[in-house]
Each structure stands twice: as C-alpha cells, then as structure tokens.
Amino acid sequence: MSNDPDSLDLIVVGAIIGAHGVRGDLKIKSFTDQPADLFDYGPLLAHDGTVLVEAVSARPAKTAFIVKPKTIRQKEEWDALKGTRLHVLRDALPDTDDDEVYVEELVGVAAVSPDGESLGTVKAVQNFGAGDLLEIAPGTGKSVFIPFTEEDVPEIDLGEGQLVVSDWALWAEAGET
C-alpha cells in the first residue's frame, strides 16, 4: 500500500480512545452509522495509510468498543495514540444511495448560492454533538458553519464538485456575533 496520503482515498470511521487494561487491548469509538460495522471494512488505518489496528475481536462497551488487536502494544503506546482518527479505504465501504454521501467526501467541495455565486470551499465537517456542520472557508474572512441539513444544503453534486447553500447570509451573520 502506498504511504502517500494524497494518493489514498481514506474515510474516517473511528478514533482511538486509549488503552483498556494492561494486556494490550484498546478502546475505539466508532463513527459509523451502525457502530459495529466499523470492524467489517478491514484493518483500521492511520491518515497515511499504514495499518494501526487489525481487530481479532471487539466487544461493545458503554460508548465505545474494547478491541483485542492482532498486534499487541503496551498500555502507554495505546494511550499515546488517544484521539488518533482511524480510516479505511473508501473502496471498502458500501456504495451510497443517491441521497447519501460520506461526509469526508465533502471536504474540498465548492459551496455556491442557489444562483451559482461562489461562497467558498468546504474546509471540514465538524460535529460538536448536535449534528454535522459544514465549515466553509470563504475567499476572505473567517470560516462559516452551516448545518448539514437538507434545508440548509439542498443540493450536492460530487461529480461537479459543488454543493448549494440555501441561505449564506443567515449563517455568515450568525458567525459574526
């Protein structure tokens, strides 16, 4: 596998929470719609495509999974990786329906108004606990956060590399306060 991150099509599916006990297990939080699906897509990779975790087994805990990895690491090693995002190759994931996207695919997409005026580029997709927000970086000024809802983002065309923001002024003004 190439270690050139730019040549890989990776999707974030989870994160390391830290070690679990002293026998080499770790805790992983799943970001997938069905949390246990995280382990169906192959090994979990670092941002550069190197394998971080191959699960031998995983059992659900309160908000995460306790994972017995194929490669054992010391407790301190897993704790040092706390917060590390885990990826899989995009090709390992199922195809999306016509009205679905993987949020990672939105990064870099152009944001436009309903009449086609350029508003900026999707810099990131954030979730602070109340739902996904698109962080849109305009040509100048601070980023603007738009709720990722059908009402606020009524059209997405990944083929054209753009999405429509229904009311830019509303959210741009909200970010100024």
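Above: the structure in question.
Residues numbered from 1 in each chain as written. Predicted model: local features only at pLDDT ≥ 70, side-chain atom pairs only at ≥ 80, totals over all residues. Heavy atoms only, no water.

A closer look at the packing of aromatic side chains
Then comes step 1: Using the criterion set out here, one finds two aromatic pairs in the structure.
Then comes step 2: Where Phe39 meets Phe65, the ring centres are 5.3 Å apart and the plane angle is 80 degrees; that geometry is what we call edge-to-face. Of the two residues, Phe39 is situated in the loop between strand E2 (25-30) and strand E3 (44-45) and Phe65 in strand E6 (residues 65-69); the sequence distance between them amounts to 26 residues.
Then comes step 3: Taking relative accessible area as the criterion, Phe39 reaches 22% and is therefore assigned partly exposed.
Then comes step 4: With a centroid separation of 6.3 Å and 70 degrees between ring planes, the pair formed by Phe128 and Phe145 is classed as edge-to-face. In this pair, Phe128 is assigned in the loop between strand E9 (118-127) and strand E10 (132-137) and Phe145 in strand E11 (residues 144-147), connecting sequence segments 17 residues apart. (Phe/Tyr/Trp six-rings, centres within 6.5 Å; stacked < 30°, edge-to-face > 60°. Helix = DSSP H or I, 4+ residues; strand = E, 2+ residues; numbered from the N terminus. Buried < 20%, exposed > 50% of the residue type's maximum accessible area, 1.4 Å probe, protein only.)

Description of the pairing of E6
Looking along a regular strand, one sees the side chains alternate between the two faces of the sheet.
Then comes step 1: With respect to burial, E6 is a largely interior element, four of its five residues being buried.
Then comes step 2: Inspection of the sheet shows E2 paired to E6 by three bridges, in the antiparallel sense. Counted as the bridge partner of Leu26 is Val67 from E6.
Then comes step 3: In this sheet, E6 lies alongside strand E5 (residues 55-60) in antiparallel orientation, the contact comprising five bridges. Each bridged residue has a counterpart across the sheet, and for Pro60 the counterpart in E6 is Phe65.
Then comes step 4: Between E5 and E6, which follow one another and run antiparallel, lie four residues. (Pairing = 2+ DSSP bridges.)

Some details on the environment of Asp157
Then comes step 1: By the element assignment, Asp157 lies in strand E12 (residues 155-157).
Then comes step 2: Separated by 43 residues in the primary sequence, Asp157 and Pro114 place their C-alpha atoms 13 Å from one another.
Then comes step 3: A distance of 3.1 Å separates a polar side-chain atom of Asp157 from the backbone nitrogen of Gly159.
Then comes step 4: A distance of 3.0 Å separates a polar atom in the side chain of Asp157 from the backbone nitrogen of Glu160. (Polar contact = N/O pair within 3.5 Å; in protein donor to acceptor, adjacent residues only side chain to side chain.)

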